[in-house]
Amino acid sequence: MENTIAAYVGVDWASATHYSYALDVDGEKLGHRAFSHGGDGLAELASWIRSVTGQEPENVAVGIEVPHGPVVEHLMDAGFLVHAINPKQLDRLRDRFTVAGAKDDRLDAYVLADSLRTDARFYRFLRPVHPTVIELREWSRMVEDLSAERNRLANRFRHQLWRYYPQVIELSEDWARGWVLDLWELVPTPAKARNVRPATIARLLKRCRVRKWTTDTLLAHLRSTPISVAPGVTEACVAHCEVILARLRLVMQQMKIGMKHLERLCAAVAELPSTEPTDPDTRCDPEILRSLPGIGPIVLAALLSEAPEAVRRRDANVLRALSGVAPVTRRSGKQYIVAMRQSCPHRLRTAVFHWARIAVLHDFHSRNRYSDMRKRGHSHARALRSVGSRLIGVACAMLESGELFDKDRKPQVLAA
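All of these numbers come straight from a predicted model, not from anything done at the bench. Counting from 1, residues in each chain are numbered in the order their sequence is written. Given that this is a predicted model, residues contribute local features only at a pLDDT of at least 70 and side-chain atom pairs are listed and counted only at 80 or more, while totals for whole chains, interfaces and linings are drawn from all residues. To obtain the side-chain values, all non-hydrogen atoms of the structure were included, while hydrogens and water were left out.

S.K.: Can you help me understand the overall build of the protein in this one?
M.R.: Starting at the N terminus, helices and strands are each numbered in turn, a helix being any DSSP run of H or I of at least four residues and a strand any DSSP run of E of at least two. Each helix and strand in the protein was counted, giving 17 helices and eight strands. Dimensions of the protein, computed from C-alpha atoms along their principal axes, come out at roughly 85 × 55 × 55 Å. Across the 416 residues in the protein, those meeting the buried criterion constitute 43%. Note on contacts: a residue pair qualifies if any of its non-hydrogen atoms lie within 4.5 Å across the two residues. Intrachain contacts of the protein at a sequence separation of at least 6 include 61% that bridge at least 24 residues. Carbon and sulfur atoms provide 52% of the accessible area of the protein, an area that totals close to 23000 Å². Treating the 60 positive side-chain charges of the protein as one cloud and the 48 negative ones as another, the clouds have centres 11 Å apart. Burial classes: relative accessible area under 20% of the type maximum marks a residue as buried, over 50% as exposed, and values in between as partly exposed (1.4 Å probe, protein chains only). Accessible areas in this description were obtained via Shrake-Rupley with a 1.4 Å probe; residue shielding takes into account the shown protein chains only. We score Asp and Glu as negative and Lys and Arg as positive, and we do not count His or the chain ends. Throughout, a charge is located at the NZ atom of Lys, the CZ atom of Arg, the CG atom of Asp or the CD atom of Glu.

S.K.: When you look at the side chain of T132 in this model, what are you seeing that I'm missing?
M.R.: Structurally, T132 can be placed in helix α5 (residues 131–164). You can call T132 buried: its relative accessible area is 15%. Non-local contacts of T132, meaning those with residues more than four positions away in its chain, are made with L265, A268, V269 and L272.

S.K.: Help me understand helix α9 (residues 215–222), please; the structure alone is not making it clear to me.
M.R.: An α-helical segment advances 3.6 residues per turn. Residues three or four places apart therefore align on the same side. Every buried residue belonging to α9 is among T215, L218, L219, H221 and L222, and all of these are buried. Here the buried residues of α9 occupy an arc of 160° about the axis, which is enough to place them on one side. Opposite its buried face, α9 presents the exposed residues D216 and A220, each directed more than 90 degrees away. Against the buried residues of α9 lie α6 (178–186), α7 (190–195) and α8 (198–208). Arc definition: directions from the helix axis to the C-beta atoms.

S.K.: Would you mind going over the packing of α8 against α9 with me for this structure?
M.R.: Two measures define how a pair of helices packs: the angle their axes make with one another and the distance between the axes. Contact geometry of α8 with α9 gives a least axis separation of 9 Å together with a crossing angle of 115°. When the interaxial angle is binned, α8 and α9 end up roughly perpendicular. The chirality of how α8 crosses α9 is right-handed. Contacts between α8 and α9 pair P198, I201, A202 and L205 from the former with T215, L218 and L219 from the latter. As a working rule, the residues Ala, Val, Leu, Ile, Met, Phe, Trp, Tyr, Cys and Pro are called nonpolar, Asp, Glu, Lys and Arg charged, and the rest polar, with Gly in that last group. When its residues are assigned to classes, the contact of α8 with α9 shows six nonpolar, one polar and no charged. Axis definition: a line fitted to C-alpha atoms, limited for helices to the stretch in contact. Angles are taken between N-to-C directions and run from 0 to 180 degrees. For classification purposes, an angle smaller than 35 degrees is called roughly parallel, one larger than 145 roughly antiparallel, one from 65 to 115 roughly perpendicular, and anything else oblique. For a crossing to be left-handed, the near helix must be turned anticlockwise from the far one by less than a right angle; the clockwise case is right-handed.

S.K.: For this particular structure, what's the right way to read the packing of aromatic side chains?
M.R.: For any pair of aromatic rings, the description consists of the separation of the ring centres together with the inter-plane angle of the planes. Pairing of aromatic side chains requires ring centres within 6.5 Å, counting the rings of Phe and Tyr and the six-membered ring of Trp. Pairs whose planes differ by under 30 degrees are stacked, by over 60 edge-to-face, and all others tilted. If you walk through the whole model with that rule in mind, you get five aromatic pairs. Relative to W184, the ring of F157 has its centre 6.0 Å away and its plane inclined at 85°; by these criteria the two rings are edge-to-face. Residue F157 is located in helix α5, and its partner W184 is located in helix α6; the two are separated by 27 residues in the primary sequence. F157 gets classed as buried once you look at its relative accessible area, which sits at 0%. Classification of W184 as buried rests on a relative accessible area of 3%. Any Lys NZ or Arg CZ that is within 6 Å of a ring centre and within 35 degrees of that ring's normal is treated as a charge sitting over the ring. Directly above the aromatic system of F122 lies the positively charged group of R121, at a separation of 4.6 Å from the ring centroid.

S.K.: Which parts of the structure should I look at to understand the nonpolar core?
M.R.: Residues L136, L289, L292, I295, L304, W355 and I392 are the most contacted members of the largest nonpolar core, which totals 42 residues. Not counting residues within four places of it along the chain, the set of residues in contact with I392 comprises A316, L319, R320, S323, V325, V352 and W355. The nonpolar core is taken to be a set of buried Ala, Val, Leu, Ile, Met, Phe, Trp, Tyr and Cys residues, with the residues joined through side-chain atoms within 4.5 Å. Grouped together as the second largest cluster of nonpolar side chains are 37 residues, L153, I169, L171 and I201 included.

S.K.: How do you make sense of the pairing of strand β7 (residues 328–332) when you look at a structure like this?
M.R.: For a regular strand, the rule is simple: side chains alternate between the two faces of the sheet. In the sheet, β7 pairs with strand β8 (residues 335–339) via five bridges, with the strands oriented antiparallel. Of the residues in β8, the one forming a bridge with R331 is Y336. When DSSP locates at least two bridges between a pair of strands, those strands are taken to pair. Remark: two residues form the turn of the hairpin made by β7 and β8, two consecutive strands paired antiparallel; G333 in that turn has positive phi of roughly 65°.

S.K.: Would you mind going over the environment of A316 with me for this structure?
M.R.: Along the chain, A316 turns up in helix α14 (residues 316–323). On the basis of relative accessible area, A316 is assigned to the buried category, the value being 16%. It is 8.8 Å that separates the C-alpha atoms of A316 and V394, two residues lying 78 residues apart in sequence.

Now the structure itself:
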């Protein structure tokens, strides 16, 4: 690819104006100017690059700080070879051109273009992502946001109950359970609990299939001595809970819809054509990953959408770095420090963390690894990162061989 590149362009993107700087293969300036953000501005940017370089898009390399977004997508659709670089790396490369700390849009665009010309190894070449993977990524992020919103609303609901009706808090560890919400709507105050009919409670428990509580024990618990509150507090808390519950039920309904979309899109990803020749009997990636302990629809969607290239290449080292389980080593003289990796996609980090947490509960080898790390004095999170590192190695080996997970198989080599 490098032999066919005849021009280099740096694009310093922004919310309103994007600045572009073009160089030839020898580093001579071809031109620079700013473009407004919008359909006309981005179309003008692509036309300007063609005219100022005099080259076809497939012979022009473009450097930019982000791997996604409308600017990247427009340039890729136009046929340019788009490369992304981490903003922190660009900040270090800028020091090669000025040590005074100067910074402006034109300088950044020039640094992007010239560093891509001389240090292309620091850049990541961007390939088009299949529309199904893009849709899966968006639904995965929406479900995660909805889950966080559900937890926030559930905590607010609990706080209002704590003020006047703590008996409901003790019914379940999850205050957003459907039967708890139905029960509160049926008996929102201690006074209503004293007057409710046992048959009404019995029907609710039967409909919601609650076995932890019986009608008698539940009524006895709800009718225990209530908290004495000032006049008007109960009415205010009930009104607040009604508002919270309306939003909470909406979020829970949207989560159900989101989970259905995740299942559908994960199945659709399995049907995508492979870019490399494979054995026709080899199983698809989602089926293999889903067989691993600890992987459900949410974790599976995060792996397939947040790190599709690493999963496609079966690159365990890259996947470990992206998920934050690979540590960072700092060695200088006699000082030697191994620290947790902070720079990684937090959604993928969270997914692998929960993957390892559930695997410890259901997989013998993961549980042994976790116990061994804890015996060495490592923290809970550090031990889970070690389990996650092993699971990623196992997953990539399974993807290479096309085999499903076998919990009874003895591991040959444990990943570090």
